[in-house]
Amino acid sequence: MHTRFRSTALALALTTLPAADAAAQTARPLAGRLDSVAGSAVLARRAVGTVAAVVKGNDTLLMKGYGQANVEWDVPMPADAMFEIGSVTKQFTAAAILQLRDAGKLSLDDEITKWLPDFDMRGNKVTVRRLLDHTSGMIGFDAPGISLPVWNSRFPRDSAYALITRSGFQFPTGTMQMYNNSAVWLAGLVIEKASGMTYEDYVEKQIFAPLGMTRSMYCNSENVKRRTHGYVVSSNGVLNRAPTNHHTWLPFAAGSLCSTAGDLVTWVRALHGGKVLSPKSYQEMTTPAKLNDGTPLRYGLGIAVQKDSRGLPYIGHGGSVTGFEADTRWYPDAQLAVVVLMNNGGDAGDIGGRLAAELLPWRSPTVAAFTGDAASLVGTYKGPGRGRDLVIQVTQIPQGIAVSNNGGEPRPVQWIEGMTFARGDNVYTFRGGDLHLQGGSAYTVLKRQ
């Protein structure tokens, strides 16, 4: 089954309102503004279906479904629809590790060879902590030669483990940060060995059940009431049913949980309300990690700790798996929980940030032209990327510089200060002839060629 799925001019209109219209939008009642933002991706045909939740303190300001849960049968999206949540799973994996630490069953500073004695470390010292903050340096599932076989549902788990341990490292542990599904996958094995339970049983019995998250589960069954179907859009704009994600063993602890917006709000409030971890473990989970040299990152243990695109500080995580996208956020200063779930690849993170911005004060950043010597920055820089080398080409433009990744289209970056520039979540800092690139869950150093 397929249908034509095109973006329209409405998408632009919703995000770039003229000044008079923007003022009128702000004057609307809050409920109407939240509803407009939450439904905008479906209205603009950027999403098949969405469920969005906004809870501030004890007040539920929004909990609503938009679009369709099933296109073939024209089923409207219910507010309690179950979605695959992808990498939002990582915060549950980190919490499980920290619960086991609180119970005295492991230490974050255990070398992983204590739990996985046959893992080939290649001279690296990888601790459990380094599995969760993406600084292990090991090659991930995204690397050429690994990605194809490991996503085969019939590929045995033992074979996948052997492939990971043979793949080696991109950089020495703790010297850089690179988002790594393989490392969190291994953390799931540590949970099983330390707890004596399967990962699935641990999460369901030790996290979901105590919190009353009755609509959350490991994604090992499609026969669940109000479970949504995933969809993908081809390059020519045709909407198709997404292939089934089997979750036999992958992505496992890195992204195999299913949940609803309501259950995820329960989780966010419980985690940040002291009902899941000891104060010490919660502090460690939500404190930005550091590299060996003390460089601060924007990621804790299984969860991002950073500012959104509008400069509002939050703790949370996004996730995507074929046919689905998810985003969970906690704005601690406002005690605000925001959850956005979609049943096709879309812009869940952007919607989540826009919903928060309707409640929290923020200022649009001042954009200034770079006044330094842009010509001195022009060149080619190369270093570790996600699963493969990353090559960034820096070119000069009238307002400063533009960057292109791996031969892509050059895009202008905004000057922040000194020799630091930014575009979206990425921050580019030129230092000592090198380019330091920091994202929400990455910090890599690219050498000038």
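It should be emphasised that the depicted structure is a prediction, and the values quoted were computed from it without experimental measurement. (Residues numbered from 1 in each chain as written. Predicted model: local features only at pLDDT ≥ 70, side-chain atom pairs only at ≥ 80, totals over all residues. Heavy atoms only, no water.)

## Observations concerning the packing of helix H4 (residues 89-102) against helix H8 (residues 181-195)
Alright, step 1. Interaxial distance between H4 and H8 falls to 10 Å at its minimum, and their mutual angle equals 35°. Here H4 and H8 pass one another in a crossing that is left-handed. The segment H4 lies against H8, with Lys-90, Thr-93, Ala-96, Ile-97 and Leu-100 engaging Asn-181, Val-184, Ala-187, Val-190, Ile-191, Ala-194 and Ser-195.
Alright, step 2. By residue class, the composition of the contact of H4 with H8 is eight nonpolar, three polar and one charged. (Axes fitted to C-alpha atoms, helices over the stretch in contact; angles between N-to-C directions. Helix = DSSP H or I, 4+ residues; strand = E, 2+ residues; numbered from the N terminus. Left-handed = near helix turned anticlockwise from the far one by under 90°. Contact = heavy atoms within 4.5 Å. Nonpolar A, V, L, I, M, F, W, Y, C, P; charged D, E, K, R; others polar.)

## Observations concerning the side chain of Asp-434
Alright, step 1. Mapped onto the elements of the fold, Asp-434 is located in strand E21 (residues 434-439).
Alright, step 2. Under the relative-accessibility criterion, Asp-434 is labelled buried at 16%.
Alright, step 3. Setting aside its immediate chain neighbours within four residues, Asp-434 contacts Tyr-381, Thr-429, Val-445, Leu-446, Lys-447 and Arg-448. (Buried < 20%, exposed > 50% of the residue type's maximum accessible area, 1.4 Å probe, protein only.)

## Looking at the state of the cysteines
Alright, step 1. All chains considered together, the criterion is met by one disulfide.
Alright, step 2. What pairs with Cys-219 in a disulfide is Cys-258, and their sulfur atoms sit 2.0 Å apart. Its torsion about the S-S bond being 125°, the disulfide of Cys-219 and Cys-258 is classed as right-handed. In this pair, Cys-219 is assigned in the loop between strand E6 (217-218) and strand E7 (231-233) and Cys-258 in strand E9 (residues 257-259), connecting sequence segments 39 residues apart. (Disulfide = S-S within 2.5 Å.)

## Digging into the confidence of the model for the protein chain
Alright, step 1. Looking at the protein chain, the pLDDT average stands at 90 and 91% of residues meet or exceed 70.
Alright, step 2. Throughout residues 1-25 the model reports pLDDT below 50, and contacts reaching past four residues in sequence, or to other chains, amount to 40 contacts. (pLDDT = per-residue confidence, 0-100.)

## Considering the packing of aromatic side chains
Alright, step 1. Counted under the stated rule, the structure contains twelve aromatic pairs.
Alright, step 2. Aromatic pair Phe-92 and Phe-208: ring centres 5.7 Å apart, planes at 75°, arrangement edge-to-face. Remark: Phe-208 occurs in helix H9 (residues 199-211) and Phe-92 occurs in helix H4; sequence separation between them is 116 residues.
Alright, step 3. Under the relative-accessibility criterion, Phe-92 is labelled buried at 1%.
Alright, step 4. Pairing Tyr-199 with Tyr-218 gives two aromatic rings, centres 6.3 Å apart and planes at 75°, and the pair type is edge-to-face. Placement of Tyr-199 in helix H9 and of Tyr-218 in strand E6 is noted, with a sequence separation of 19 residues between them.
Alright, step 5. For Tyr-199, a relative accessible area of 0% gives the class buried.
Alright, step 6. Here the aromatic residues Phe-370, Tyr-381, Trp-415, Phe-421 and Phe-430 are joined through ring pairs into a cluster of three or more.
Alright, step 7. The aromatic ring of Trp-362 is capped on one face by Arg-310, whose charged end is 5.6 Å from the ring centroid.
Alright, step 8. Geometry around Tyr-314 places Arg-329 over its ring, the cationic atom sitting 4.4 Å from the centre. (Phe/Tyr/Trp six-rings, centres within 6.5 Å; stacked < 30°, edge-to-face > 60°. Lys NZ or Arg CZ within 6 Å of the ring centre and 35° of its normal.)

## Quick look at the nonpolar core
Alright, step 1. Residues Phe-92, Phe-119, Leu-131, Trp-185, Leu-186 and Trp-267 are the most contacted members of the largest nonpolar core, which totals 75 residues.
Alright, step 2. Excluding residues within four positions of it along the chain, Leu-186 makes contact with Leu-116, Phe-119, Leu-131, Met-138, Tyr-161 and Ile-164.
Alright, step 3. In this structure, Val-42, Ala-52, Tyr-66 and Val-338 belong to the second largest nonpolar core, which totals 23 residues. (Core = buried A, V, L, I, M, F, W, Y, C linked by side-chain atoms within 4.5 Å.)

## Here's the deal with H4
Spacing of three or four residues puts side chains on the same side of an α-helix, whose turn is 3.6 residues.
Alright, step 1. Given a rise of 1.5 Å per residue, 14 residues ought to cover 20 Å, and the 20 Å separating the end C-alpha atoms of H4 matches this to within 8%.
Alright, step 2. In terms of burial, H4 is a largely internal element, 13 of the 14 residues being buried.
Alright, step 3. Once H4 finishes, Gly-104 follows within two positions and takes phi at roughly 80°, a positive value. (Expected span 1.5 Å × (residues − 1).)

## Let's talk about the sheet that holds strand E20 (residues 426-431)
Alright, step 1. Read from one edge to the other, the open sheet built from nine strands follows the order E17-E16-E15-E14-E22-E21-E20-E19-E18, with strand pairing classed as antiparallel. In this open sheet, the two strands that pair with only one neighbour each are strand E17 (411-412) and strand E18 (414-417).
Alright, step 2. Where strand E14 (residues 379-384) and strand E15 (residues 389-397) come together, six bridges link them in antiparallel fashion. In the sheet register, Thr-380 faces E15, and the bridge partner there is Gln-393. (Pairing = 2+ DSSP bridges.)

## Observations concerning the pattern of salt bridges
Alright, step 1. Summed over the entire model, instances satisfying the criterion amount to 18 salt bridges.
Alright, step 2. Across the salt bridge formed by Glu-358 and Arg-33, the nearest N and O atoms sit 2.7 Å from each other. Highlighted residues: Glu-358 in the loop between helix H12 (348-357) and E14 and Arg-33 in helix H3 (residues 30-43), separated in sequence by 325 residues.
Alright, step 3. Judged by its relative accessible area of 11%, Arg-33 is buried.
Alright, step 4. Put simply, Arg-129 and Glu-284 hold a salt bridge, and the shortest N to O gap is 3.0 Å. With Arg-129 in helix H5 (residues 128-132) and Glu-284 in helix H11 (residues 279-285), this pair connects stretches of sequence that are 155 residues apart. (Salt bridge = Lys/Arg side-chain N within 4 Å of Asp/Glu carboxyl O.)

## Re the layout of surface pockets
Alright, step 1. A volume near 830 Å³ is recorded for the second largest pocket.
Alright, step 2. In this structure, the second largest pocket is lined by 31 residues; those nearest its centre are Gln-414, Ile-416, Ala-422, Arg-423 and Gly-424.
Alright, step 3. Of all the secondary structure elements, the ones that give two or more residues to the lining of the second largest pocket are strand E10 (304-307), strand E16 (400-405), E18, strand E19 (420-423) and E20.
Alright, step 4. No other element matches the four residues that E19 contributes to the lining of the second largest pocket. (1 Å grid on protein atoms, 1.4 Å probe; cavity = no way out; pocket = protein on both sides within 12 Å on 5 of 7 lines; lining within 4 Å. Points joined across faces, edges and corners; volume = space filled by probe spheres on them.)

## Comments concerning the pairing of E18
Looking down a regular strand, the side chains alternate between one sheet face and the other.
Alright, step 1. One ladder, built from three bridges, connects E18 with E19; its direction is antiparallel. Directly across from Glu-417, in E19, lies its bridge partner Thr-420.

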